[in-house]
Amino acid sequence: MISISSSSRRNRYAFVLSACLLLGLSACQTPVGDTNPLYENARATRVSEAVDGLVVGHRLMAAGEYELALDAYERAAVAKGWNADVMSAMGSANLRLGRIREAENLLRAAVKEDDRFAAAWNNLGIVLVTQGHLREAENTFKLAFALTSGKSDEIKSNLIKTMEKIAENSYKSSQEREFELVRRGNGRFLLLKTPENEPDAEKQAE
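Residues numbered from 1 in each chain as written. Predicted model: local features only at pLDDT ≥ 70, side-chain atom pairs only at ≥ 80, totals over all residues. Heavy atoms only, no water.

*Asks:* Run through unusual backbone geometry, naming residues and quoting values.
*Replies:* One non-glycine residue, Ser 149, adopts positive backbone phi at about 60°. Classification of Ser 149 as exposed rests on a relative accessible area of 60%. (Buried < 20%, exposed > 50% of the residue type's maximum accessible area, 1.4 Å probe, protein only.)

Next up, the structure:
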């Protein structure tokens, strides 16, 4: 994995946020009730202090910038505290980066903080599938699906695929399946394959 220096991450983060400011945040903001407003005289170098870190992180996740997304979520943790939303988001970013243990710890902490957080349960289920804990993953997806009152197609799909894995008991088949990360509200991030077999984002960008 190609390492990224802290200064390089900060420069890239500042560049993305500067573009958001120039575009009036139209491409970097989703409807969130309590997003922090931009100060009228904010400079591009200080946008990270004014924009909701979760909003920025979700956009970076959707763009495949997982390291930068994790930086944004860490900033959100400083601003908001270690709440369920922040821990779930950080867990999802770590999962995409192949840091399975960190992802599991953060997602378990998120559902402990908010045991009705369906998206966190779903993403924890993906971590469990990645580790081969299919029965626990099945139960986790069932709980997540129930918490959405059966209204999440993504979670339903993940549950069905896990049940098929259990029935087939085939590792090769499991590698060909697709699982979908979801977040609170209307949003999802497609997990195309297990993280350990996924080229890291920096290599993809080359």
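On we go.
*Asks:* So, the nonpolar core: which residues are in play, and what are the values?
*Replies:* One finds Tyr 73, Leu 95 and Phe 141 to be the most contacted residues of the largest nonpolar core, which totals 44 residues. Where this core is concerned, the elements lending two or more residues are helix H3 (53-62), helix H4 (66-80), helix H5 (84-96), helix H6 (100-113), helix H7 (118-130), helix H8 (134-147), helix H9 (153-168) and strand E1 (179-182). Of the residues forming this core, the biggest block, nine residues, is contributed by H7. (Core = buried A, V, L, I, M, F, W, Y, C linked by side-chain atoms within 4.5 Å. Helix = DSSP H or I, 4+ residues; strand = E, 2+ residues; numbered from the N terminus.)

*Asks:* With reference to specific residues and values, describe the pattern of salt bridges.
*Replies:* Under the definition given, this model contains seven salt bridges. Glu 104 serves as the salt-bridge partner of Arg 101, at 3.0 Å between the closest nitrogen and oxygen. Separated by three residues within a single helix, Arg 101 and Glu 104 lie in helix H6, roughly one turn from each other. Between Glu 138 and Arg 135 there is a salt bridge, with the nearest N and O atoms lying 3.6 Å from each other. Taken as a pair, Glu 138 and Arg 135 lie in helix H8 at a separation of three residues, close to a single helical turn. (Salt bridge = Lys/Arg side-chain N within 4 Å of Asp/Glu carboxyl O.)

*Asks:* Could you give me a rundown of the confidence of the model for the protein, with the residues and numbers involved?
*Replies:* Averaged over all residues, the pLDDT of the protein is 74; the fraction at 70 or higher stands at 60%. At the level of individual helices and strands, the protein shows its lowest average pLDDT in helix H11 (residues 201-205), which scores 36, and its highest in H6, which scores 97. Note on residues 17-50: pLDDT is under 50 here. Beyond four places in sequence and across chains, it has 37 contacts. Predicted confidence is poor over residues 192-206, with pLDDT under 50, and the contacts of this stretch with residues over four places away or in other chains come to 26 contacts. (pLDDT = per-residue confidence, 0-100. Contact = heavy atoms within 4.5 Å.)

*Asks:* Any details on the packing of H7 against H8? Residues and values, ideally.
*Replies:* Where H7 contacts H8, the axes come no closer than 8 Å and their chain directions differ by 165°. Considered as vectors, H7 and H8 are oriented roughly antiparallel to each other. The handedness of the crossing between H7 and H8 comes out as left-handed. Residues Ala 118, Trp 121, Asn 122, Leu 124, Gly 125, Ile 126, Leu 128 and Val 129 of H7 form the contact with H8, whose own contacting residues are Leu 134, Glu 136, Ala 137, Thr 140, Phe 141, Leu 143, Ala 144 and Leu 147. Tallied by class, the residues present in the contact of H7 with H8 amount to 12 nonpolar, three polar and one charged. (Axes fitted to C-alpha atoms, helices over the stretch in contact; angles between N-to-C directions. Parallel < 35°, antiparallel > 145°, perpendicular 65-115°, else oblique. Left-handed = near helix turned anticlockwise from the far one by under 90°. Nonpolar A, V, L, I, M, F, W, Y, C, P; charged D, E, K, R; others polar.)

*Asks:* Tell me about H4, and name the residues and values.
*Replies:* Taking 1.5 Å per residue, 15 residues should reach 21 Å; H4 reaches 20 Å between its end C-alpha atoms and fits that length. Those residues of H4 that sit buried are Tyr 66, Glu 67, Leu 68, Ala 69, Leu 70, Asp 71, Ala 72, Tyr 73, Ala 76 and Ala 77. Looking one or two residues past H4, Gly 81 carries a phi angle of roughly 95°, positive in sign. (Expected span 1.5 Å × (residues − 1).)

*Asks:* Let's hear about the packing of H7 against H9: which residues, and what values?
*Replies:* Helix-helix packing is described using two parameters, namely the angle between the two axes and the distance between the axes. Orientation of H7 relative to H9, taken along the N-to-C sense of each, is 25°, at an axis distance of 11 Å. With respect to each other, H7 and H9 are oriented roughly parallel. Relative to H9, the crossing made by H7 is left-handed. In this structure, H7 contributes Ala 118, Asn 122, Ile 126 and Val 129 to the contact, and H9 contributes Ile 155, Asn 158, Thr 162 and Lys 165. Here the residues of the contact of H7 with H9 sort into four nonpolar, three polar and one charged.

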